[in-house]
Amino acid sequence: MQRFSIFSLLRNGFRYRADWQRMWRSPEPKRRYDVVIIGGGGHGLGAAWYLAQDHGIRNVAVIEKGWLGGGNTARNTMTIRSNYIRPPSVPFHEGSMALYRELSRELNYNLMVGRRGMISFLQSSQAARTAARMANTMHVHGAKYELIDVEEIKRRVPIFRPPPRPRLEVLGGVYQPEAMMARHDAVAWGFARMADAHGVDIIQNCEVIGIRRSGAGVIGVETTHGFIEAGKVGMAVAGHGSVVAEMAGIRLPIEVQPLQAWVSEPVKPVLHEIVVFSGYGCYMMQSDKGELVIGGPTDPYPSYAQRGTFRVIEQVTSAVLEMFPIFTRMKLLRHWAGMLDIVYDGSPIISKTPLRNFYVDIAGAGGFKTTPMAARMHAWLIAKDEPHDLIRDFGLDRFERGRLVVEGGVSFNR
Ligand SMILES: Cc1cc2nc3c(=O)[nH]c(=O)nc-3n(C[C@H](O)[C@H](O)[C@H](O)COP(=O)(O)OP(=O)(O)OC[C@H]3O[C@@H](n4cnc5c(N)ncnc54)[C@H](O)[C@@H]3O)c2cc1C
């Protein structure tokens, strides 16, 4: 039996292992593909995998301007939930959670999917009413969502002691037992590995700089590696949706806003559930590494800067410390931001476009949780040129017909 010590760990860590297999190839782009997907995050890589697996379409390329998962996929706070209020939203998000539960097995790659449960603290009677409505919608679709009192919150989160003089009193909570967390970059790597094994070409460090049209259709993409002809083109570029769509001459009803998150130094396990403070618009959980992961609202202005303002950090941190003074002396370890394509009604867009053979998947504000389902639906749309029933309400036509799927309310949590 091989003995492991700190020395063998260091020796192996620094030694180049020629026998280690690459997880995916780095091919030169071909001149033509049946489908080109722009964007190598979870959504784009997932779409490529589902095109190959569900529809047998394997002459596919994923074009990524940086590295896989380097966008929002590896910047998010990893929460997966389905507490939404409109009827089309719940089955879509519930379906995504069901896919996540099986995904490690399906991709043969450990995504570290773990059931945590999520408690939203209700801090106004309006929030409590919205939670009750949401629970009704969710129950109709078979999802679990329970109103709980402060005693139950204390039982589930023993470190919570209702503060004596809160700015907003905690009236109770609402609990989603099935809420999960998963390792975000592993989602991109798992999809990439399987897509590659099924013949998909993953091309990194290659930026799409133009979309070539012929009449009312798209025929390929201009890239920093030259023109690539494509039968169909799908776009999953969160945070760059308007920039890339504009290359095809299309304006989307979205706006880019920065979203920040930060983590503390690691500590022993103290918080199992994901907790959301609905009145303060922020949330917190403890990662498997022991870090407290903290997030809040988007910065309220459009920006591509990939960084947010101190005002949000201050506002969110003071809310977290008001609720959990136990963390007052902890140190901040890292902070970062990503750019979200904010859709005006708060729901995703997975849709055909006015251009033939050009499809878009706009993840919206909370697209980590939807990654497998959105990717699968995007692949369906590309393969069949028709939306699946689950995404009929998420098309671009809803903005023309006034049939918005307005989301928000107490579920605030990305
Ligand atoms: C701080 C933060 C916290 C979040 N927390 C959560 C959460 O807890 N739960 C949740 O569900 N969601 C969360 N989200 C949202 C979630 O991360 C995103 O919605 C989701 O990851 C989008 O995935 P994607 O694959 O569409 O995009 P990305 O992972 O951003 O991938 C898009 C890719 O497209 C590439 N690209 C862009 N332009 C081009 C081009 N011209 N040519 C080629 N490639 C291009 C980019 O480089 C990028 O890699 C959070 C986001 C942030 C920023």
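From a predicted model like this one, the values you see are computed outputs, not experimental measurements. (Residues numbered from 1 in each chain as written. Predicted model: local features only at pLDDT ≥ 70, side-chain atom pairs only at ≥ 80, totals over all residues.)

Chemist: Tell me about the overall build of the protein chain, and please be specific about residues and values.
Modeler: What the protein chain contains, in helices and strands, is 10 helices and 19 strands. Taken over the C-alpha trace, the protein chain has a radius of gyration of 22 Å; the compact-globule value for 414 residues is 22 Å, and the two agree within 12%. Counting only C-alpha atoms, the protein chain reaches 65 × 65 × 40 Å along its principal axes. Buried residues in the protein chain amount to 48% of all 414 residues. (Helix = DSSP H or I, 4+ residues; strand = E, 2+ residues; numbered from the N terminus. Rg over C-alpha atoms; globule rule 2.2 N^0.38 Å. Buried ≥ 20, exposed ≤ 12 C-beta atoms within 10 Å, placed from the backbone.)

Chemist: Explain the pairing of strand 7 (residues 172-176) to me, and be specific about the residues and the numbers.
Modeler: Counted residue by residue, strand 7 has five buried out of five residues, so it is predominantly covered. The side-chain alternation of strand 7 yields two buried faces, one formed by G172, V174 and Q176 and the other by G173 and Y175. Note that strand 5 (residues 118-122) and strand 7 share five bridges and pair antiparallel. Among the inter-strand pairings, M118 is bridged to a residue of strand 7, identified as Q176. (Pairing = 2+ DSSP bridges.)

Chemist: Pulling in residues and values, what's your account of the environment of I211?
Modeler: Inspection of the secondary structure assignment puts I211 in strand 10 (residues 208-214). For the pair formed by I211 and E246, sequence separation is 35 residues and the distance between their alpha carbons is 8.9 Å.

Chemist: Break down the site of the ligand for me, citing the residues and quoting the values.
Modeler: The immediate surroundings of the ligand are formed by 40 residues, with G41, G71, N76, G338 and G367 found nearest. Of all elements in the fold, only helix 2 (42-55), strand 13 (254-264) and strand 17 (332-343) reach the threshold of two or more residues within the shell around the ligand. Grouping the constituent residues of the shell around the ligand by class yields 13 nonpolar, 21 polar and six charged. Formed jointly, the shell around the ligand draws a minimum of three residues from each of two domains, domain 1 (26-75 + 185-252 + 345-411) and domain 2 (115-179 + 256-343). (Near = placed C-beta within 6 Å. Nonpolar A, V, L, I, M, F, W, Y, C, P; charged D, E, K, R; others polar. Domains from an automatic or database assignment.)

Chemist: Please give an account of helix 3 (residues 89-107) that cites residues and values.
Modeler: The end-to-end C-alpha distance of helix 3 is 26 Å, a good match for the 27 Å that 19 residues give at a rise of 1.5 Å each. Looking at helix 3, one finds that the buried residues are S89, V90, F92, H93, S96, M97, Y100, L103 and L107. (Expected span 1.5 Å × (residues − 1).)

Chemist: I'd love a proper account of the sheet that holds strand 5, names of residues and values included.
Modeler: The sheet built from eight strands is open, its strands ordered 6-7-5-14-15-16-13-17 with mixed pairing. Of all strands in the sheet, those bounded by a partner on one side alone are strand 6 (146-148) and strand 17. Mean inter-strand twist for the sheet, computed between neighbouring axes without regard to direction, equals 20°. Packed on one face of the sheet, helix 4 (residues 125-140) meets strand 5, strand 6 and strand 7 and runs near 145° to strand 5. Of the strands in this sheet, strand 13, strand 14 (274-277), strand 15 (282-286) and strand 16 (292-298) are in contact with helix 8 (residues 310-323), which crosses strand 16 at around 130°. (Axes fitted to C-alpha atoms, helices over the stretch in contact; angles between N-to-C directions. Contact = placed C-beta atoms within 7 Å.)

Chemist: A description of the domain arrangement of the protein chain should follow, citing residues and the corresponding values.
Modeler: For an interface, size is often stated in terms of accessible area lost upon the parts coming together. Taken domain by domain, the protein chain consists of domain 1 (26-75 + 185-252 + 345-411) and domain 2 (115-179 + 256-343). Inter-centroid distance (C-alpha atoms) of domain 1 to domain 2 is 30 Å. When grouped by side-chain class, the residues that make up the side of domain 1 that touches domain 2 number seven nonpolar, nine polar and two charged.

Chemist: Please provide a residue-by-residue account of unusual backbone geometry, values included.
Modeler: Not every positive phi belongs to a glycine, and N205 is a case in point at roughly 55°. Take N205: it is sitting in the loop between strand 9 (201-203) and strand 10. For N205, a count of 12 C-beta atoms within 10 Å corresponds to the exposed category. Here the phi dihedral of D385 falls at roughly 60°; this positive angle occurs in a residue that is not glycine. Looking at the secondary structure, you find D385 in the loop between helix 9 (371-384) and helix 10 (397-401).

Chemist: Could you give an account of the pairing of strand 12 (residues 226-235), naming the residues involved and the relevant values?
Modeler: Across six bridges, strand 1 (residues 32-38) lies against strand 12 in parallel orientation. Residue I37 lies in a different strand from strand 12, and its bridge partner there is G234. Summarising the sheet, strand 11 (residues 217-223) and strand 12 pair through four bridges and their orientation is antiparallel. Residue pairing in the sheet places T223 in a bridge with G226 of strand 12. Between strand 11 and the antiparallel strand that follows it, strand 12, lie two residues.

Chemist: How would you summarise the packing of helix 3 against helix 9 if you had to cite specific residues and measurements?
Modeler: Relative orientation and spacing of two packed helices are given, respectively, by the angle between their axes and the distance between those axes. Remark: helix 3 packs on helix 9, axes separated minimally by 7 Å, with the N-to-C direction vectors making an angle of 105°. Classified by the angle their axes make, helix 3 and helix 9 are roughly perpendicular. Residues F92, G95, S96, L99, Y100 and L103 of helix 3 lie in contact with helix 9, whose contacting residues are P372, M373 and R376. Looking at the contact of helix 3 with helix 9 residue by residue, the class counts come to six nonpolar, two polar and one charged. (Parallel < 35°, antiparallel > 145°, perpendicular 65-115°, else oblique.)

Chemist: I'd like a rundown of the nonpolar core, residues and numbers included.
Modeler: Among the nonpolar cores identified, the biggest contains 125 residues, and V36, I38, A48, L51, V60 and A195 are the most heavily contacted of them. With residues near it in sequence (within four places) discarded, V36 still touches A61, I63, V221, I228, A230 and V233. (Core = buried A, V, L, I, M, F, W, Y, C linked by C-beta atoms within 7 Å.)

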